[in-house]
Amino acid sequence: MNLIRSCRGQLLLTLFLFLAILVMPFQNYMERDFTSADMNYPEESIGVVGTDGGLLSVPDGAGNLMLNSNDFYFKAGTYQVVFFVSSPSAGNTVEVYDPLYLNEDNTSGRVLAEAEVIPGEESVSVTFTTEEYLSCIQFRVQTDSALTFTGIHLQSDPGLYNDPYICAGLVLLGSALLFLYRSRRKIRPEILLLLSFAAVWSSLPLCFPWLLKGHDMYFHYGRLFNLSRDLFSEPFPVRIHPGIFKGFGYMGPVFYAETFLYPFALLIRMGMSPLGCYKLLFLCVNFATAGVSYYAFSRLCRSRRLGVITSFFYMLASYRLLNLYTRAALGEVLAAIFLPLLILGMYQLFYGDSRRWITAVIAFTGLFQSHMISTELSLGFCALFGLISIRRLKDRKRLVHLLIAAGATILLNLWAIIPILDLIRYPLQVNGDTRALTGYALYALQLFDPSYNYTAADALGPSTTTGEMPYSLGVLLLAGSLLFISLCFRKNQKLPRWHRQLGGWCLALGGLSVYASSVYFPWDIIQRVEILNRLAGAIQFAFRFLPFATVFLCVTSAIAVYNLFKDRSLRKLLFLGCAFFLVWSSGTYFGNFSNEAEHLMDWDTQMDHVNDTDNLYLVTDDGAYYSYRRLLAQDVTFNVSEGVTLSQVSKNGTEASFTYEKADGTGETYVEAPLNYYPYYHVTDENGNELATDITELLRLRITLPEASSGTVTIHFEIPAIWRAGDIISLLTLAGLAALAVLSCRKRKEA
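In this text the structure is predicted, and so the values were computed from the model without any measurement.

## Remarks on the pairing of strand 1 (residues 31-35)
- Where burial is concerned, the two faces of strand 1 differ: the one with Arg32 and Phe34 is buried and the one with Glu31, Asp33 and Thr35 is not.
- Relative to strand 9 (residues 147-156), strand 1 runs antiparallel, the two being bridged by five bridges. Bridge pairing links Glu31 to Gln155 in strand 9.

Encoded structure:
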């Protein structure tokens, strides 16, 4: 009863949120209008088709002419479509068409629904149902006589999404987990409220019914949705998204880990909208950052009060928010969750209780499963820290624990490391993506610019800073760092020894990070050395050091603010002043960004970007040039050499098959499958013989046919055995670490 009484505020808030979510206005269907501007027609009909007044007018005598929309993606469901068309005579039809469907005769496209335009009527209605998880749809109007097109109205049946019920259930689950935690460990309500406020305030740009466009949002939004599509259709873990590139496939998950996206992909499968789920992902990132940073900072600083100050500074730090929204760099903000934990883990290995080596394992695993470049940079900082502190390893126990931590981290992530090392041997597009870091380095004013101008602009590179996105670390971190330096020279009230050492370490590493991000760092000299160029060029942008500068300088600034006064009331007053400044400055950024950023999607257009991606992880033809525009425009049918005909064609994800026949007198023949080339496709004939494969000019999988005049060919995607061995080893390592954690907890309880 005492526990319930002490948690009654939490329980009342949970009840309020639960009911508020359920009664909140919600549209569980999709409704959308298409105008004449969304329709295309042949170039030779330009000048024939009238476009006045927002209408498309096809005159009589224009012959057979087709108006068709762009490709749109729809979730499985039933949809009603109203074509606002009129015609004085018969012979015109409207269609709902799937252009990516592959027929058995190696042709593409199928009609899902069609109807005739009745003369004298103003509209035509059709209903169609898509049973596949995602379908590509075109709207078409076939004309044989005069016709006027006004627009199209589309509406799905109710029940397409279930966001309120899922969110309400998640509120109950989250509250139950927090209640369970509070039943075992005491947590002060004011700390909980302060960190919750920081997390909610950091999520304000998500409150709109649309998504504000960030640099990398298209890529991460597509990753999340495609993971939900492949969650139950591909072997676990998912290593290829077959639906991307119009079904040609993409092995992005090998290089860009999706570990933390799985729970949210599952929510989409349960009926949550992709738009709502993407927002929930960012909200959870903010809460996770608050919780993990408070845990790490309070133990690192040996003070809960100092831990909550540092965590609050970190949550509302300028560059973390810029990474979150302007850059929409999901991988980097996920990695930023674990940076405070990494600092704590390295401290424990070299200076603290090295028996807690598991902290470093969790931190490095979280980093690696979030963002590979952040992991590489973290390794550099850890190597530097280790070299400076190498004398601490004279203690054999520390050395043993360090080796155990390194080994456990490698084994735990072996399931992801082996595929990367295996696939990187091939000429991937990303292998040639080395950039001159000086072109993306920053000037001094940019590093601490107090204004938030051009918050929706791009990173312009070496050309100019006019109209470029902000990169500021924030005035507070600059002032806090200067304050710490002044406190180090104060004679009458010296800093506590540990705070002075910790703040000094973080100031030095933070300063190094700022220096590496600036134009004053000698990146040009470093990148003249080939081996160093490969390492440095992979970083892509010099400003990738700013997340590290942020976390280090937050610690230094918090120590300075906490130790400026001895009196508690003055400490609280100073912190409240800093907190108010951070809330005001971050609110200024949110306001500017929400007014300047484009709307990438809203409720009714959220499916338009589910297949967006990049091309960095495509295998190229030894780096030869290829037309990305032509690659995207390829048909989904099989291409064949002269004298070859196909029948009984089928394709499902990464599996495909066909029956071929050759004409007499044909020489070497081939078939190009509608699949992007990867070395893990195996092609066999009806006798099980492996057929030779190659890569085409547009990166497709080319199959050399056997000498037989006819036969059946099967294509399947096969994960190498060594990858599965890595999966098993990582799984066993995880089980071993979990068992070790349980035994450690029991020993502590017995003690």
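On we go.
## With respect to the packing of aromatic side chains
- Applying the stated criterion to the full structure yields 48 aromatic pairs.
- For the pair Phe197 and Trp201, a centre-to-centre distance of 5.9 Å together with 25 degrees between the ring planes defines the contact as stacked. A residue pair is termed a helical-turn pair when its members lie 3 or 4 positions apart in one helix, as Phe197 and Trp201 do in helix 4 (residues 189-202) at four residues.
- Assessed through its relative accessible area of 38%, Phe197 is described here as partly exposed.
- For Trp201, a relative accessible area of 22% gives the class partly exposed.
- With 6.4 Å between their ring centres and 40 degrees between their planes, Tyr325 and Phe593 make a pair best called tilted. Taken together, the residues span a long stretch of sequence, with Tyr325 in the loop between helix 11 (318-324) and helix 12 (330-350) and Phe593 in helix 23 (residues 568-596) at a distance of 268 residues.
- The class of Phe593 is buried, set by a relative accessible area of 1%.

## Here's the deal with helix 5 (residues 217-230)
- The end-to-end C-alpha separation of helix 5 is 20 Å, in line with the 20 Å expected for 14 residues at 1.5 Å each.
- Most of helix 5 is tucked away: 13 of the 14 residues are buried.

## Examining the environment of Gly271
- Mapped onto the elements, Gly271 comes out in the loop between helix 8 (262-269) and helix 9 (274-300).
- Using a relative accessible area of 6% as the deciding quantity, one classes Gly271 as buried.
- As for Gly271 and Leu160, which are separated by 111 residues in sequence, their C-alpha atoms are 7.3 Å apart.
- Apart from residues lying up to four places away in sequence, Gly271 is in contact with Lys75, Leu160, Tyr161, Asn162, Asp163 and Ile166.

Rules and cut-offs
- Residues numbered from 1 in each chain as written.
- Predicted model: local features only at pLDDT ≥ 70, side-chain atom pairs only at ≥ 80, totals over all residues.
- Heavy atoms only, no water.
- Buried < 20%, exposed > 50% of the residue type's maximum accessible area, 1.4 Å probe, protein only.
- Helix = DSSP H or I, 4+ residues; strand = E, 2+ residues; numbered from the N terminus.
- Pairing = 2+ DSSP bridges.
- Phe/Tyr/Trp six-rings, centres within 6.5 Å; stacked < 30°, edge-to-face > 60°.
- Expected span 1.5 Å × (residues − 1).
- Contact = heavy atoms within 4.5 Å.

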